[in-house]
Each structure stands twice: as C-alpha cells, then as structure tokens.
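Listed here are the chains, written in short residue letters.
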Amino acid sequence: MAAHFADIDDPRIDRSKDHLLIDILTIAILAVICGADGWVGIETYGKAKYDWLKTFLALPQGIPSHDTFGRVFARLDPEQLQQCFLRWVRSISRLTAGEVIAIDGKTVRRSYDQGQGKGAIHMVSAWASQNRLVLGQRKVDEKSNEITAIPELLKVLDLHGCIVTIDAMGTQKTIAEQIVQQGGDYVLALKGNQGNLFEAVQQRFEAAPAQDYQALEPDVDETTETGHGRLETRRCWCLGGVADLIDAEQWTHLTSIAKVESQRTIDGQTSAEVRYYISSLAPDAERLASSIRTHWSVENPLHWVLDVAFQEDDCRIRTDHAPENFTLLRHLALSALNQEKTAKLGIKNKRLRAGWDDDYLLKVLTG
C-alpha cells in the first residue's frame, strides 16, 4: 500500500524534516485501520508498535509526535492524496458490470471552527455497492454545493458498465451527460427542483390508472421486507416511451421513468412515501428498483459505519486540509477492512483485531 503514496509532495521545508513523509503516511494509515481516531491515537499506535514498524520503516527520529502528524496532514495537498488513494483502489479492485455506484454526501459535523468562522466540511463520496469500496471523495466548497463537487468526483472514476445513482440534488442535465460520456448509466431522483420534468413524470404516472396501466405496458416489481417489528413493501412501476415528455430531449439517453412507492408499518403505525426517477436504463422495473434500493442502502455500510465504527461525527480535527485528509484515511481504512473476507466480524471488531494481530493487519493490507 505504501508504494502508492510514495510520490506525494512533501509540504515541509527541508530543515524541519525530522521524519520521512512516507513513514508519517504509513503509520497514519495503519493506525486508522487499527482503531485510531485522531492524531494522539496515531502517535500512541506508533509507539506501541515501534519494534514491528522498525522492521520496514526507517524511523530515523523514532515515532513522530501527534503535533507532527497534525501539522503534516493539515498541509498535505488533498488532491494529490486522493490521486494516491485512487491508484490504491484500482490496484485492489475490479468493478463488475452493472455495479451500482452511489454518489452521496455527508457532513463531518464537528469539523467546524467557530473561532475561525469555518463551517463543518461536507464530503461527497462514491460508493461501489458490490465491492463495498469507497472509490473517491470530494470536498464541497463552503460557498457552493454538491452540484459543483459531483462532476469533479465523477471525472476521476471509471464508470464503464456501471450504474450511477444520485439523489435529487445531483439531478442535472450536465451530470447525466457526463455519466453517459464516461460509459455509465444513470438513475437520478426527481423532486420539485426539476420543475417541468418532475411534473410531467408525476402526471404520466397519475394518469396511468385512468388510462389502464396495461395499455401503457408498464413493468412492475414488488418486494416485501420484514424484521425487528417492521414490515415494508416497495412497488416500482417503470415506463419507457418517454421521448414526448417535456424537456426529455435535453436529458442525454433518457430512456425510462420510474415511480417507487414505499409503505412501512412499524408498531402498528403505517407511513407511505412516493419517489420518482429518470434513467438511461431500459424500462426494467426489477433492475431499476434494485439500483434505487442500493442507493438508499449506502447509509448503513458507509455513513452509519463511519459514525459508529470510526466515530467520524465526534472527530474535532479542523485545521486547514486536515479534516478532508483524515476523511480520506477513514475511507481508505473502511475499504481495506471490507476487502478482508476471512474474519466474520463487524468493522469495529476488525479494527480491534488488526490492532492486536499484526498477521491479520497484513491480511487487511493485501486484501
């Protein structure tokens, strides 16, 4: 793994280089995999594992202090660090045809700094559902929103044969066009922010019962899930022949539209929700419903795990590039731990085992 990070530029001046940059990066990566959630934890890991680390790192001045880790990661170029991360991701994974790549955002809640007038950072990530792998991430500029970050994130991804899912914020004509140009298909959520198209899709489905659904030849898929006192039924109706929809010609390869109705019963209380989607996929309700469910599920294997197993929302790292770069360390650690299949453990306990067992840590590093 360290080889993929070897050529990143060192932001320090020569006279302040008591420690090799590759040593600092390697210790930080290993420590976060093994349970460290901040700079003090990384220093503590390094000191505890000094004898083992010395077998493959130079460590000319011993283990760097937590302040050194903090200063270096605050100044490291996030773009360069992400390029190194992408090289590592490509070396350990091959996306399968039809893989769903969910693009979704998450705020790192305690990364704000009131004293400096700095808000919490918001990161947009690309999650490969089948491989359970973060493919890339992009920080949303404080004066912008996800619409500007998503195209930059997509640029670094190989989308050939994949299905990209994005919530309504990212439902933009230019984003749909970019996905298709990069060889992928899209499933994009529709809300009122799409005005005419949203109303046209909504009216098409609302008119369908009166016209007799069968005459329109819709494709339908229904699934039911139960567990923990919850009963949820999802129905997906899918229609092709959408070229006559208003503004349809402005959306690259717009081929189908979908309506998903979710009905959930918990402790005798029933709620219902209806969502609409546009897609470049053929009108196949089962495939569309599966892609949409997969996008919803990103909350558990990515966002929830980052909060629970990595304590992301409690992290107070705030200086310069440090919050963004530490987010990348968490994404790298989560991806590496997910690739290790022999231990039937959750991510939190995998981190503990990696910290206790160097042989297991090597398994994690080699996938």
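Residues numbered from 1 in each chain as written. Predicted model: local features only at pLDDT ≥ 70, side-chain atom pairs only at ≥ 80, totals over all residues. Heavy atoms only, no water.

Engineer: With reference to specific residues and values, describe the pairing of strand β3 (residues 133-139).
Structural biologist: Counting buried positions along β3 yields 6 of 7 residues, so the element is predominantly enclosed. As paired elements, strand β2 (residues 122-128) and β3 share 6 bridges and run antiparallel to each other. By the bridge assignment, A128 is partnered in β3 with L133. In sequence, β2 turns back onto β3 through a hairpin of 4 residues, with R132 there showing a positive phi of about 50°. (Buried < 20%, exposed > 50% of the residue type's maximum accessible area, 1.4 Å probe, protein only. Helix = DSSP H or I, 4+ residues; strand = E, 2+ residues; numbered from the N terminus. Pairing = 2+ DSSP bridges.)

Engineer: Break down the side chain of K350 for me, with residues and values.
Structural biologist: Here K350 shows up in helix α13 (residues 347-356). For the buried residue K350, which engages in no salt bridge, the nearest side chain bearing the opposite charge is E340, 4.3 Å off. Only 2.9 Å separates the side chain of K350 from the backbone oxygen of L337, close enough to count as a polar contact. Within the structure, K350 has its side chain in polar contact with the backbone oxygen of E340 (distance 2.6 Å). For K350, the residues in contact, after removing those within four places along its chain, are L337, E340, A343, L345 and Y360. (Lys, Arg positive; Asp, Glu negative; His and termini not counted. Salt bridge = Lys/Arg side-chain N within 4 Å of Asp/Glu carboxyl O. Polar contact = N/O pair within 3.5 Å; in protein donor to acceptor, adjacent residues only side chain to side chain. Contact = heavy atoms within 4.5 Å.)

Engineer: Quick one: what's the story with unusual backbone geometry, residue by residue and with numbers?
Structural biologist: Although it is not a glycine, Q311 adopts a positive phi angle of roughly 55°. Inspection of the secondary structure assignment puts Q311 in the loop between α11 (300-308) and α12 (322-339). With a phi close to 45°, D320 is a non-glycine residue in the positive phi region. Counting through the fold element by element, D320 comes out in the loop between α11 and α12. The class of D320 is exposed, set by a relative accessible area of 53%.

Engineer: Report on the confidence of the model for the chain, specifying residues and quantitative values.
Structural biologist: Scored by pLDDT, the chain has a mean of 88; 93% of the residues are at 70 or more. Averaged pLDDT values over the elements of the chain bottom out at 54 in helix α9 (residues 213-216) and peak at 97 in helix α2 (residues 39-48). (pLDDT = per-residue confidence, 0-100.)

Engineer: So what's going on with the environment of E286? Which residues, and what values?
Structural biologist: Within the secondary structure, E286 sits in helix α10 (residues 285-296). Separated by 49 residues in the primary sequence, E286 and W237 have C-alpha atoms spaced 9.2 Å apart. Beyond its immediate sequence surroundings of up to four residues, E286 is in contact with D219 and D221.

Engineer: Got a sec to walk through the packing of helix α6 (residues 146-155) against helix α7 (residues 173-181)? Specific residues and values, please.
Structural biologist: Interhelical geometry of α6 versus α7 gives an angle of 5° and a closest axis separation of 10 Å. Between α6 and α7, the angle is such that the two are roughly parallel. Between α6 and α7, the contacting residues are I147, I150, P151, L154 and K155 on the first element and I175, Q178 and I179 on the second. The class makeup of the residues in the contact of α6 with α7 is 6 nonpolar, 1 polar and 1 charged. (Axes fitted to C-alpha atoms, helices over the stretch in contact; angles between N-to-C directions. Parallel < 35°, antiparallel > 145°, perpendicular 65-115°, else oblique. Nonpolar A, V, L, I, M, F, W, Y, C, P; charged D, E, K, R; others polar.)

Engineer: Which residues make up the pairing of strand β8 (residues 256-266), and what values go with them?
Structural biologist: Looking at chain direction, strand β7 (residues 230-239) and β8 are connected through 10 bridges and run antiparallel. What sits directly across from E232, in β8, is R264. Here β8 pairs with strand β9 (residues 269-279) via 11 bridges, running antiparallel. When the sheet's bridge partners are listed, A258 is paired in β9 with Y277.

Engineer: Any chance you could break down the nonpolar core for me, citing the residues and the numbers?
Structural biologist: Counting residues in hydrophobic clusters, the biggest one holds 100 residues, and the most contacted among them are I33, I42, I103, I278 and F310. Among the elements that take part in this core, helix α1 (residues 21-33) stands out by supplying 10 residues, more than any other. The contacts of I33, once residues within four sequence positions are left out, are A333, A336, L337, R351, A354, L361, V364 and L365. By size, the runner-up hydrophobic cluster in this structure holds 15 residues, among which are V100, I163, A168 and A189. (Core = buried A, V, L, I, M, F, W, Y, C linked by side-chain atoms within 4.5 Å.)

Engineer: How would you summarise the pattern of salt bridges if you had to cite specific residues and measurements?
Structural biologist: Per the stated rule, a full pass over the model turns up 21 salt bridges. Between D244 and R204 there is a salt bridge; the shortest N-O distance is 3.1 Å. Of the two residues, D244 is situated in the loop between β7 and β8 and R204 in helix α8 (residues 195-211); the sequence distance between them amounts to 40 residues. Under the relative-accessibility criterion, D244 is labelled exposed at 56%. Measuring nitrogen to oxygen at the nearest pair gives 3.2 Å for the salt bridge that ties E222 to R235.

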